[in-house]
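Structural features, examined
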Amino acid sequence: MSFLGVEQSLTGRRWLGPGIDLERAAEAMAQQTGLPAAVCQVLARRGVPAHEATGFLTPALKNLLPDPRRMKDMETAAARFLEAVEQRQRIAIFADYDVDGGSSAALLLVWLRAMGQDATLYIPDRIDEGYGPNDAAMSALARDHDLIVCVDCGTLSHGPIAAAKGADVIVLDHHLGGETLPDCVAVVNPNRQDEDGDLGYFCAAGVVFLMLVEVRRQAREKGLGTGPDLMALLDLVALATVADVAPLIGANRALVRQGLKVMAARKRVGLVALADVSRMDSAPSTYHLGFLLGPRVNAGGRIGKADLGARLLASDNPHEAAALAERLDQLNTERRDIENAVRAAALEQAEARGLDAPLVWAAGEGWHPGVVGIVASRLKEAAGRPAVVIGLDGDEGKGSGRSVSGIDLGAAIQRLASEGQLIKGGGHKMAAGLTVARDKLEEAMARLGDLLAKQGAGDLGPADVKLDGMLMPGAASINLIEQIEQAGPFGAGAPAPRYAFPDLEVRFAKRVGESHLKLSLSDGLSSGIDAICFGAFDTDLGPRLLDHGGARFHFAGRLEINTWGGRQSPQLRLEDAAPAS
């Protein structure tokens, strides 16, 4: 049965409320633990039993961080890395150009600098070289280095790693592995096919951190001391985990929770500079990492110089950091402009092709490879289906895909590559990249659609809006929001609770920027709440609420604390609405 009778909201979705069993479990937990009801509702939804509630609310790395040696090749990788440090060998770091790659590289650079050692940073150009190691770069690095560490890439790079003649190669990655592994010293990857997958939720920075934990253990066993303080590096791990949309489960909860505390101390000059240009005016949260800091770090790899983000994160020079942060902020603005143009064209093309197919896709001449992934996310959100967006240039097209829960896009694209339909392709369940020959584009997308249909992508409808309960504006206090945040951090795999606010009137509505909507909502008596809806005008939600004509609506969204001018107030991050009658 739908919640508040909403079978079709303004975004075409049905609202579902918590089941009676969930409500009873939350009530029982509140009685047994004395925790606030709002917190118990979140814990009950996550399946946390009452006797584990206190431990869940205080995630500790000592309890949750797995033994690094649970990952295959970890001992070997750490031993070879430590050997290179001991013998002052020449080390190169080959990293992906996104936040996870940049953070992973920065982890190693910062750690090595604390040990009095430098390393060469190499990040490929997205357009000229594409994702991952390539023959020319690896061959050149091998001539001048003894050890090459590939981070957030390399698992499928058999040829390029073979080209690194004369140098040892270690791979620290998390992307889906193939049937065989490249011939190198070690491939540490929780998503290798011969791993059990229990640690597959780690991003690459998490894998790098675990290797440094293992390096610390081996160094201590050899009487070499413990090295730098690893806990001080957790701000980088937290940034990568959230920005790479890794699920906030298991050890990731503790890594992000502790990483946010480290970031709040403002000790890393690169992140301080980035926070300042992003105009962050409150304590860092997962929202800041995912929507303010992450996109700016990514901007260099998308449309600028690929190594800007990693250099910023690794910098210990405030003046250099300020200049890099300013440049990344400028590039992020440029990226938004490029993205908007490509998004409009891609959406028009995808709508003409049909948004109800198992795969929603679009391809265009000269579409910037740096924004196709973001645009694919927008198409996925619009259609509720897996989406791929491809930029064509010459005889090839380079694209990115984004998936929905329950559909493994990375495996499908890897299968497509193995069948010869793609020049190359790979990724993980929710995101993947590909390169395709222009003359095989239609055939490859048709085949990909078939593979996704077999996973059930063609049967998907608009995702239901799952609600945790109902609130009135007067109950949405700062105190309540702080209680709820005890159950965080929230993000991928651990969504923040979503509440319905029934039968409210729109007192004020204003379009903000290109597609956002600012609202003031009231129960018509003495209580109200402000709301913000990002991307409102990308759907029917914005136009309907802006021209509300005095109608009353039910509203659904997540609560947050808005800080403005040093003052805090509750705010609803609006996600959906439906007519109240």
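Up top is the structure these notes are about.
These numbers were taken from a predicted model, which means no experiment stands behind them. Along every chain, residues carry numbers that run from 1 in the direction the sequence is written. Where totals are concerned, whole chains, interfaces and linings use all residues; where local detail is concerned, this predicted model gives features only for residues with pLDDT of at least 70, and gives and counts side-chain atom pairs only at 80 or more. The basis for the side-chain values is all heavy atoms of the structure; hydrogens and waters are excluded.

1. Digging into the overall build of the chain
- In this description a helix means any DSSP run of H or I spanning at least four residues, a strand means any run of E spanning at least two, and both kinds are numbered starting from the N terminus. Tallying secondary structure elements over the chain gives 20 helices and 18 strands in all.
- Throughout, the radius of gyration refers to the C-alpha atoms, and the reference size of a globule is 2.2 Å times the residue count to the power 0.38. Relative to the compact-globule value of 25 Å for 581 residues, the chain shows a C-alpha radius of gyration of 24 Å, a close match.
- Across its three principal directions, the C-alpha atoms of the chain cover 75 × 55 × 45 Å.
- Residue exposure (1.4 Å probe, protein chains only): buried if accessible area is under 20% of the type maximum, exposed if over 50%, otherwise partly exposed. For the chain, buried positions account for 55% of its 581 residues.
- If you take every contact in the chain between residues at least 6 apart in sequence, the share linking residues at least 24 apart comes to 65%.
- We get accessible surface area from the Shrake-Rupley algorithm with a probe of 1.4 Å; when it comes to residues, only the shown protein chains can shield them. Counting only carbon and sulfur atoms, one obtains 49% of the accessible surface of the chain, whose full area is about 24300 Å².
- The sign given to each residue is positive for Lys and Arg and negative for Asp and Glu; His and the chain ends receive no count. Charge positions come from single atoms, namely NZ of Lys, CZ of Arg, CG of Asp or CD of Glu. Of note, the chain has its 60 positive side-chain charges centred 3 Å away from the centre of its 74 negative side-chain charges. Whether two residues touch is decided by their heavy atoms; if any such pair falls within 4.5 Å, the residues are in contact.

2. Details of the sheet that holds strand 5 (residues 168–172)
- Spatial ordering of the open sheet is given by 3-2-4-5-6, a layout of five strands whose pairing is parallel. The open sheet has two edge strands with one neighbour each: strand 3 (120–122) and strand 6 (186–188). Along the sheet, successive strands turn relative to each other by an average axial angle of 15°, direction set aside.
- Direction of pairing for strand 4 (residues 147–151) relative to strand 5: parallel, over a ladder of five bridges. Opposite Ile148, over in strand 5, you have Val169 as the bridge partner.
- In the packing of helix 6 (residues 99–114) onto the sheet, contacts are made with strand 2 (91–95), strand 3 and strand 4, and the angle to strand 2 comes to roughly 160°.
- For helices, the fitted line uses only the C-alpha atoms of the stretch in contact; every axis is such a line through C-alpha atoms, and the angle between N-to-C directions lies from 0 to 180 degrees. Seen against the sheet, helix 9 (residues 204–221) touches strand 4, strand 5 and strand 6 and runs at an angle of roughly 120° to strand 5. Two strands are said to pair when DSSP picks up at least two bridges between them.

3. Describing a negative patch on the surface
- Together, Asp393, Asp395, Glu396, Asp439 and Glu443 make up a negatively charged patch on the protein surface.
- With respect to the secondary-structure elements, Asp395 resides in the loop between strand 8 (387–393) and strand 9 (396–402).
- A residue is classified by how much of its surface remains accessible, and Asp395, at 66% relative accessible area, is exposed. What goes into a patch is any residue over 30% in relative accessible area without a salt bridge, connected to like charges within 9 Å or, for nonpolar side chains (Val, Leu, Ile, Met, Phe, Trp, Tyr), within 5 Å. For salt bridges, the criterion is a side-chain nitrogen of Lys or Arg within 4 Å of an Asp or Glu carboxyl oxygen.

4. A word on the nonpolar core
- Among the nonpolar cores identified, the biggest contains 85 residues, and Phe81 and Met211 are the most heavily contacted of them.
- Take the buried residues of types Ala, Val, Leu, Ile, Met, Phe, Trp, Tyr and Cys, join any two whose side-chain atoms come within 4.5 Å, and each joined set is a nonpolar core. Judged by nonpolar contacts, the second largest core, of 42 residues, contains Leu10, Ala26, Ala53 and Ala476.

5. Digging into empty space enclosed by the protein
- The distinction between a cavity and a pocket rests on a 1 Å grid over the protein atoms alone: a 1.4 Å probe fits inside a cavity but cannot get out, while a pocket stays open yet meets protein on both sides within 12 Å along at least five of seven lines, and a residue with an atom within 4 Å of a point counts as lining. Grid points are joined across faces, edges and corners, and a volume is the space filled by probe spheres set on the points. Applying the stated criterion across every chain yields a total of one cavity of 30 Å³ or more.
- Counted as a void, the largest cavity has a volume near 40 Å³.
- As for the largest cavity, its lining consists of Asp96, Tyr97, Asp98, Gly101, Gly102, Ile123, Val297, Ala306, Gly309 and Ala310.
- Those elements giving two or more residues to the lining of the largest cavity turn out to be helix 6 and helix 14 (308–314).
- Basically, the charged four are Asp, Glu, Lys and Arg, the nonpolar ten are Ala, Val, Leu, Ile, Met, Phe, Trp, Tyr, Cys and Pro, and anything else, Gly included, counts as polar. Of the residues assigned to the lining of the largest cavity, the class counts are five nonpolar, three polar and two charged.

6. A few points about the side chain of Asp307
- Note that Asp307 resides in the loop between helix 13 (286–303) and helix 14.
- On the accessibility criterion, Asp307 (13% relative accessible area) is buried.
- If sequence neighbours within four positions are ignored, Asp307 has contacts with Leu121 and Ile123.

7. A short note on the pairing of strand 7 (residues 360–365)
- The buried fraction of strand 7 is high, at five of six residues.
- Summarising the sheet, strand 7 and strand 8 pair through six bridges and their orientation is parallel. By the bridge assignment, Trp361 is partnered in strand 8 with Val388.
- Note on handedness: a clockwise path from strand one over the helix to strand two, with the strands aimed away from the viewer, defines a right-handed crossover. Handedness of the crossover joining strand 7 and strand 8 through helix 16 (residues 372–383) is recorded here as right-handed.

8. Focus: the packing of helix 17 (residues 409–418) against helix 18 (residues 441–454)
- Relative orientation of the contacting elements helix 17 and helix 18 amounts to 135°, with a least axis distance of 10 Å. Of the possible angle classes, the one that applies to helix 17 and helix 18 is oblique. In the packing of helix 17 onto helix 18, the handedness of the crossing is right-handed. Note on element contacts: helix 18 touches helix 17 through Ala444, Arg447, Leu448, Leu451 and Leu452, opposite Leu409, Ala412, Ile413, Arg415 and Leu416.
- For the contact of helix 17 with helix 18, the class distribution of residues is eight nonpolar, no polar and two charged. If an angle is under 35 degrees, it is roughly parallel; if it is over 145, roughly antiparallel; if it lies from 65 to 115, roughly perpendicular; otherwise it is oblique. Here a crossing is taken to be left-handed if its near helix is turned anticlockwise relative to the far helix by less than a right angle, and right-handed if that turn runs clockwise.

9. Observations concerning helix 10 (residues 234–243)
- Of all ten residues making up helix 10, nine are buried, and the element is well covered by its neighbours.
- Among the residues of helix 10, Leu234, Asp235, Leu236, Val237, Ala238, Leu239, Ala240, Thr241 and Val242 are the ones counted as buried.
- Trailing helix 10 by a residue or two, Val245 shows a phi angle of about 55°, which is positive.

10. What about the sheet that holds strand 8?
- One open sheet accounts for five strands, arranged 7-8-9-11-10; its pairing is mixed. Edge positions in the open sheet fall to strand 7 and strand 10 (424–427), since each of these has one partner strand only. Strand-to-strand twist of the sheet, defined as the mean angle between neighbouring strand axes without regard to direction, takes the value 15°.
- Both strand 8 and strand 9 contribute to a ladder of seven bridges, which runs antiparallel. Bridging across to strand 9, Val388 finds its partner in Gly401.
- Here helix 17 sits on the sheet and contacts strand 9, strand 10 and strand 11 (431–437); the angle it forms with strand 10, its principal contact strand, is near 160°.

All quantities given are derived from atomic positions and should not be read as evidence of function.
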